[in-house]
Amino acid sequence: MHATEPASVPGPQCESACRVCGHDDDPEPFWEGGWPNEGAICPCCGNEPSMNDVSVIGLREKRGHWLGRGAPWDSPSSRPKDWDILEQVKHIPAEWR
Ligand SMILES: [Zn+2]
C-alpha cells in the first residue's frame, strides 16, 4: 500500500514484526517512524534493524542465510515450546517478503 511513495521514505511508520524472520512478540517495534529501532535485536533471527534492511533483496539474503543454518534462535531461551516457523514467517510484512 506504500508502493507509490517516493523512494526517500525509508519505511512504514511502525513495524512490530522482524523483517527478516517475522518474529512479532517484542514489546518494542523494530521500526518506528520509518527508521530502524537500533538496539532492538530480534531474539529469533538475531537481526538488528538498520538502514541496510530497506532492500527486499538484502532481506531475502539475510533470511536465506538464517533459514540455511536451520533457523536458529539468537536467544534460545525466548523460543516458545510450540514455535512454528511457518506461522511466524507469515508475519513478515508483505513488502519485505
Ligand atoms: Zn528476526
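This text follows the structure it describes.
What comes next concerns the included structure. (Residues numbered from 1 in each chain as written. Predicted model: local features only at pLDDT ≥ 70, side-chain atom pairs only at ≥ 80, totals over all residues. Heavy atoms only, no water.)

## Let's talk about the overall build of the protein chain
Looking only at helices and strands, the protein chain has 2 helices and 3 strands in total. Tracing the protein chain from N to C terminus, the helices and strands come up as β-β-β-α-α. When the 97 residues of the protein chain are sorted by exposure, 37% land in the buried category. As displayed, the protein chain offers around 5,900 Å² of accessible surface, 54% of which is attributable to carbon and sulfur atoms. (Helix = DSSP H or I, 4+ residues; strand = E, 2+ residues; numbered from the N terminus. Buried < 20%, exposed > 50% of the residue type's maximum accessible area, 1.4 Å probe, protein only. Areas by Shrake-Rupley, 256 points an atom, 1.4 Å probe, with all protein chains shown as cover.)

## A word on empty space enclosed by the protein
The full count for this structure, using the stated rule, is 1 cavity of 30 Å³ or more. What the largest cavity holds in volume is close to 30 Å³. If you trace the largest cavity, you find it lined by Ala17, Cys18, Arg19, Phe30, Trp31, Asn47, Pro49 and Asp53. Along the lines of polarity and charge, the residues of the lining of the largest cavity split into 5 nonpolar, 1 polar and 2 charged. (1 Å grid on protein atoms, 1.4 Å probe; cavity = no way out; pocket = protein on both sides within 12 Å on 5 of 7 lines; lining within 4 Å. Points joined across faces, edges and corners; volume = space filled by probe spheres on them. Nonpolar A, V, L, I, M, F, W, Y, C, P; charged D, E, K, R; others polar.)

## What about the coordination of the zinc ion?
Each protein donor to the zinc ion is listed here as Cys18 (SG), Cys21 (SG), Cys42 (SG) and Cys45 (SG); together their distances run 2.3 Å. Considering all 4 donor atoms around the zinc ion, angles at the metal cover 102 to 114 degrees and the coordination shape is tetrahedral. (Donors = N, O, S within 2.8 Å, 3.2 Å for Na, K, Ca; no water. Tetrahedral: all angles 85-135°; square planar, octahedral: opposite > 155°, others 65-115°.)

## Considering the packing of aromatic side chains
Enumeration over the complete set of coordinates arrives at 1 aromatic pair. With a centroid separation of 5.3 Å and 85 degrees between ring planes, the pair formed by tryptophan 73 and tryptophan 83 is classed as edge-to-face. Taken together, the positions of tryptophan 73 in the loop between helix H1 (56-68) and helix H2 (85-89) and tryptophan 83 in the loop between H1 and H2 put the pair 10 residues apart, joining distant regions of the chain. For the pair shown, tryptophan 73 and tryptophan 83 are each scored as buried. (Phe/Tyr/Trp six-rings, centres within 6.5 Å; stacked < 30°, edge-to-face > 60°.)

## Observations concerning unusual backbone geometry
Of note, the phi angle at alanine 71 is positive, near 50 degrees, even though the residue is not glycine. Judged by relative accessible area, which is 6%, alanine 71 ranks as buried.

## Concerning the sheet that holds strand S1 (residues 14-15)
Taken in spatial order, the 3 strands line up as S1-S2-S3 in an open sheet, and their pairing is antiparallel. In this open sheet, the two strands that pair with only one neighbour each are S1 and strand S3 (35-36). With 2 bridges connecting them, S1 and strand S2 (residues 31-32) associate as antiparallel partners. Counterpart to cysteine 14 in the pairing with S2 is glutamate 32. (Pairing = 2+ DSSP bridges.)

## Remarks on the environment of glycine 22
Here glycine 22 lies in the loop between S1 and S2. Using a relative accessible area of 0% as the deciding quantity, one classes glycine 22 as buried. Taking C-alpha positions, glycine 22 is 9.1 Å from cysteine 45, a pair spaced 23 residues apart along the chain. Setting aside residues up to four positions removed in sequence, glycine 22 forms contacts with Ala17, Gln88, His91 and Ile92. (Contact = heavy atoms within 4.5 Å.)

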